[in-house]
Amino acid sequence: MRQPSCLARLFTTAAVTALLAAGLSGCKTAGMSDVTGSLGAKAEPAPAADPTRASDVDGDRFRANPRDADAALRYGQALRANGQRSQAVAVFEQASLNNPGNKTLLAAYGRALADNGNLQKAFDVLGRAHTPANPDWRILSVQGAVLDQMNRHDEARGYYASALKIRPDEPSVLSNLGLSYMLSKDLPKAEAHLRQAYAGGRADPRVRQNLGLVVGLQGRFSEAESIVKADLPPDEAAANVAYLKQMLASKTGPQLGAQAGDVRGRT
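Residues numbered from 1 in each chain as written. Predicted model: local features only at pLDDT ≥ 70, side-chain atom pairs only at ≥ 80, totals over all residues. Heavy atoms only, no water.

**Here's the deal with the overall build of the protein**
- Along its length, the protein carries 13 helices and zero strands.
- Its helices and strands in sequence order give the protein the pattern α-α-α-α-α-α-α-α-α-α-α-α-α, from N to C terminus.
- Residues counted as buried form 52% of the 267 residues belonging to the protein.
- Pairs at least 24 residues apart make up 60% of the contacts formed inside the protein by residues separated by at least 6 positions.
- Per element, the accessible surface of the protein, about 11500 Å² overall, is 50% carbon and sulfur. (Helix = DSSP H or I, 4+ residues; strand = E, 2+ residues; numbered from the N terminus. Buried < 20%, exposed > 50% of the residue type's maximum accessible area, 1.4 Å probe, protein only. Contact = heavy atoms within 4.5 Å. Areas by Shrake-Rupley, 256 points an atom, 1.4 Å probe, with all protein chains shown as cover.)

Rendered as structure tokens:
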């Protein structure tokens, strides 16, 4: 039987996962690499199938030549995949100093800082990873997610709006925008943006799970249950429905708009 996933794995915005972590401390929650609308393959190499082995191999390569930007990217990514957030920050910081002006390294450094809870610095570094003359919608979306973690929701939505000007109707950005409204307790607007994100047919299946959470928080649990389990095999569907029931019924469940803590990494 496949191992049931934790409910927190369903929700892809880092701000939301940080809130869920407090109530589901036994679950391993998602980090910035799981942010819907994160930097993606354009900015970083694809995740390795075996992060531990990748950490060893790429670590050796990086130590042999700390100025090798590609080795630094792969090594830092492997460290993040292993949950070694502080070490990943150190690698990306050194690599960025050795490769000044490398936007891809700066983007990875900013994400690692956000993973590690260094939110203001993450936001500042991400801002240096692209320019007004050549903006990157993926980075704009991640900057918005970081601002949402800092409870700066109105500012975050400005970044999502800028991202959508570059990439209209992008499901990942719409999903982050919807969850931004969830964090500020505007559930009808959150639902509207999440439904728009899913309606285009290009959305990651996790967008539907974000929608399920928002629908459930509005008291429509039967509808939320059907949404949450739609993309999962029976065993994981049952486990995640159980977690959803527990979270929505608990008086100590996630408090929308509460200060989001550190980002806990999964990949």
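Don't stop here, the text continues.
**Structural notes on the packing of helix α3 (residues 69–81) against helix α4 (residues 85–98)**
- Relative orientation of the contacting elements α3 and α4 amounts to 165°, with a least axis distance of 8 Å. Put simply, α3 runs roughly antiparallel to α4. Here the hand of the crossing between α3 and α4 comes out left-handed. When α3 is examined against α4, the residues Ala-72, Leu-73, Tyr-75, Gly-76, Gln-77, Leu-79 and Arg-80 are found in contact with a partner set consisting of Gln-87, Ala-88, Val-91, Phe-92 and Ala-95.
- Considering only residue class, the contact of α3 with α4 consists of eight nonpolar, three polar and one charged. (Axes fitted to C-alpha atoms, helices over the stretch in contact; angles between N-to-C directions. Parallel < 35°, antiparallel > 145°, perpendicular 65-115°, else oblique. Left-handed = near helix turned anticlockwise from the far one by under 90°. Nonpolar A, V, L, I, M, F, W, Y, C, P; charged D, E, K, R; others polar.)

**Details of unusual backbone geometry**
- Residue Asn-151 is not a glycine yet carries a positive backbone phi of 65°.
- Of note, Asn-151 is situated in the loop between α7 (137–149) and α8 (153–166).

**Topic: the packing of aromatic side chains**
- Inspection of the entire model under this criterion finds two aromatic pairs.
- Plain terms: the ring middles of Phe-62 and Tyr-75 are 5.7 Å apart, the flat faces sit at 35° to each other, and that makes the pair tilted. Placement of Phe-62 in helix α2 (residues 51–64) and of Tyr-75 in helix α3 is noted, with a sequence separation of 13 residues between them. Just as Phe-62 is buried, Tyr-75 falls in that class too.
- Between Phe-123 and Tyr-159, the aromatic rings sit 5.5 Å apart at their centres with planes inclined by 80°, giving edge-to-face as the arrangement. (Phe/Tyr/Trp six-rings, centres within 6.5 Å; stacked < 30°, edge-to-face > 60°.)

**Some points on the side chain of His-153**
- For His-153, the location among the structural elements is in helix α8.
- By relative accessible area, which is 11% here, His-153 ends up buried.
- In this view, His-153 contacts Asp-148, Ser-180, Leu-183 and Ser-184; residues no more than four positions away in its chain are not counted.

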